[in-house]
Amino acid sequence: MSAKILVVEDEGPLALLLQYNLESEGFLVDLLNDGDDVHLYLEENQPNIIILDWMLPGTSGLELCRRIRANSKTAKIPVILLTARGEESDRLRGLSMGADDYITKPFSVPELLARINAVLRRSNPQSIAEQLMVGDVELDRTSFRVKRGPREVRLGPREFRLLEFLMQSPGRVYSRAQLLDSVWGQNVYVDERTVDVHIGRLRKALNRGKEIDPIRTVRGAGYSISDKD
Ligand code: CA
C-alpha cells in the first residue's frame, strides 16, 4: 500500500499521532498545520486522500474543502473532515461542501483507518489493491512479485516502485518530475534523466522478443503504462 495522505491538522500531538499510525500502515504522509499552506502544496502534489481539520489557523477546513472541490485539478481527491463539533447540522454542512466523510474528535485511530480505507476503496481501488493488472502485466504488492503472462519478471526495488506507481493509473501520463517526486521522494535531488535510465531497465525486464511494450513514452510529457498501443 503506498497511497499518499495529506494531513492538515494544527494540534501538534494529534498530527504526530496520525502521522505515526498512518506511516505504520504503509501510507506516505505529508503534514501541514496551517490552512493557508494547502493551496501551494496541492499545486505541486497529488495526494490520494486529504484528512482535513475543520478549525485551522489561516483558511478553515470547511473553506479548503470547498476550494478543493471547485478546482478541477483537485476535485476528485477524497476529503475526510476532522472536527470537534458534533452537531448534525455541522456534519451536513461538511458533507455539502464536498467532504467524503466526517469524523468527530475524539476518535480512535482504528476508526479513522477504517474510514480512510473505505474512502480509498471507493475513489481509487488501485491505490490499495494487493494485485494490480494492466494487460498481461501483473504486480503483487504483498509478495513484491511481477509477472508478464506466465513469466516471472525480476525487478530492482526502484523499477518495482516505478511500475507500481504507473500501474495505479493506467493511461495517465506522468512527467519525469512527478515520477521523481512519487517514486524517489520529494527531498531527493536527482537528475530527471535518472527516470529515463530506470524506465529503460524496466522495459528491458518487461519486454521479451515480440511482446508489445506496455510503457509509452509521450514526447515532451513523460511516461504512462497502457494495455493498448
Ligand atoms: Ca484545529
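Here the residue numbering is sequential within each chain, running from 1 through the sequence in written order. Thresholds applied to this predicted model are a pLDDT of at least 70 for local features of residues and 80 or more for the giving and counting of side-chain atom pairs; totals over whole chains, interfaces and linings are not thresholded and use all residues. The side-chain values count all of the structure's non-hydrogen atoms but skip hydrogen atoms and water molecules.

**Focus on the overall build of the chain**
Note the threshold: Helix and strand labels come from DSSP, where a helix needs a run of H or I of at least four residues and a strand needs a run of E of at least two; each type is numbered from the N terminus. The globule rule used for comparison is 2.2 Å times the number of residues to the exponent 0.38, while the radius of gyration itself is calculated over C-alpha atoms. When a residue's accessible area, from a 1.4 Å probe over protein chains only, is under 20% of the maximum for its type it is buried; when over 50% it is exposed; and in between it is partly exposed. Between two residues, a contact is recorded if the distance between any of their heavy atoms is within 4.5 Å. The method behind every accessible area is Shrake-Rupley, applied with a 1.4 Å probe, and residues are considered shielded solely by the protein chains displayed. A residue counts as positive if it is Lys or Arg and as negative if it is Asp or Glu; His and the chain ends are not included. Lysine's charge is taken at NZ, arginine's at CZ, aspartate's at CG and glutamate's at CD.
When you go through the chain residue by residue, the secondary structure sums to eight helices and 11 strands. The C-alpha radius of gyration computed for the chain amounts to 19 Å, which stays within 12% of the reference 17 Å derived for 229 residues, consistent with globular compactness. Here the chain holds 229 residues, and 45% of them are scored as buried. Restricting to contacts in the chain with at least 6 residues of sequence separation, those with at least 24 account for 56%. Counting every atom, the chain has about 11900 Å² of accessible surface; 50% of that belongs to carbon and sulfur. Charged side chains of the chain number 32 positive and 34 negative; the gap between the two group centres comes to 8 Å.

**Digging into the nonpolar core**
Formally: Only buried residues count toward a nonpolar core. Its members are Ala, Val, Leu, Ile, Met, Phe, Trp, Tyr and Cys residues joined through side-chain atoms within 4.5 Å.
Counting 25 residues, the largest nonpolar core has Val146, Leu163, Met167, Leu179 and Leu206 as the members making the most contacts within it. In terms of residue count, helix H6 (residues 157–168) provides more of this core than any other element does, six residues in total. If sequence neighbours within four positions are ignored, leucine 163 has contacts with Val137, Leu139, Val146, Leu155, Leu202, Leu206 and Ile225. Judged by nonpolar contacts, the second largest core, of 21 residues, contains Leu14, Leu82, Ile103 and Leu120.

**Regarding the coordination of the calcium ion**
Each pair of donors in an ideal four-coordinate tetrahedral metal site encloses 109.5 degrees, whereas pairs in an ideal six-coordinate octahedral site enclose 90 or 180 degrees. Condition: With water excluded from the atoms, a metal site may look incomplete; its donors are any N, O or S atoms within 2.8 Å, or within 3.2 Å for Na, K and Ca.
Protein coordination of the calcium ion is provided by Asp10 (OD), Asp53 (OD) and Met55 (O), with donor distances spanning 2.1 to 2.3 Å. Written as a sequence motif, the donor arrangement for the calcium ion is D-x42-D-x1-M. You can see aspartate 10 sitting in the loop between strand E1 (4–8) and helix H1 (12–24) and its partner aspartate 53 sitting in strand E3 (residues 49–53), a full 43 residues away along the chain. Here aspartate 53 falls in the buried class, since its relative accessible area comes to 3%.

**A short note on the domain arrangement of the chain**
Let me state the cut-off plainly: Start and end points for every domain follow an automatic or database-based domain assignment. Note on definitions: buried area is the accessible-area loss of two parts on being combined, 1.4 Å probe, summed for both. Salt bridges are defined by distance alone: a side-chain nitrogen of Lys or Arg within 4 Å of a carboxyl oxygen of Asp or Glu. What qualifies as a polar contact is a pair of N or O atoms within 3.5 Å, subject to a donor-acceptor requirement within protein and to the restriction that residues adjacent in sequence count only when both atoms come from side chains. Just so you know the grouping, Ala, Val, Leu, Ile, Met, Phe, Trp, Tyr, Cys and Pro go in nonpolar, Asp, Glu, Lys and Arg go in charged, and all remaining residues, Gly too, go in polar.
Each domain of the chain was delimited in the assignment, giving domain 1 (4–127) and domain 2 (131–225). Carbon and sulfur atoms make up 27% of the area that domain 1 and domain 2 hide from each other, which totals about 600 Å². Run the count over domain 1 and domain 2 and you get zero salt bridges. Linking domain 1 with domain 2 are zero residue pairs in polar contact (both at pLDDT 80 or more), by the criterion used here. Partitioned by chemical class, the residues of the side of domain 1 that touches domain 2 number no nonpolar, six polar and two charged.

**Comments concerning the sheet that holds strand E8 (residues 145–148)**
In any sheet, the strands associate via hydrogen bonds between backbone groups, in a parallel or an antiparallel arrangement. Selection rule: Whether two strands pair depends on DSSP finding at least two bridges between them. Fitting a line to C-alpha atoms yields each axis, with helices limited to the stretch in contact; the angle taken between N-to-C directions then spans 0 to 180 degrees.
One open sheet holds the four strands; their spatial order is E6-E7-E8-E9, and the pairing between them is antiparallel. Across the chains shown, the open sheet's two edge strands, defined by having one partner strand only, are strand E6 (131–134) and strand E9 (151–153). Sheet twist, expressed as the mean angle between neighbouring strand axes with direction ignored, is 25°. Inspection of the sheet shows strand E7 (residues 137–140) paired to E8 by four bridges, in the antiparallel sense. Looking at the pairing, leucine 139 lines up with valine 146 of E8. Most of the contacts of H6 go to E7, to which it runs at about 110°, and overall it touches E6, E7 and E8. Docked against the sheet, helix H8 (residues 193–206) engages E7, E8 and E9, running at close to 165° with respect to E9.

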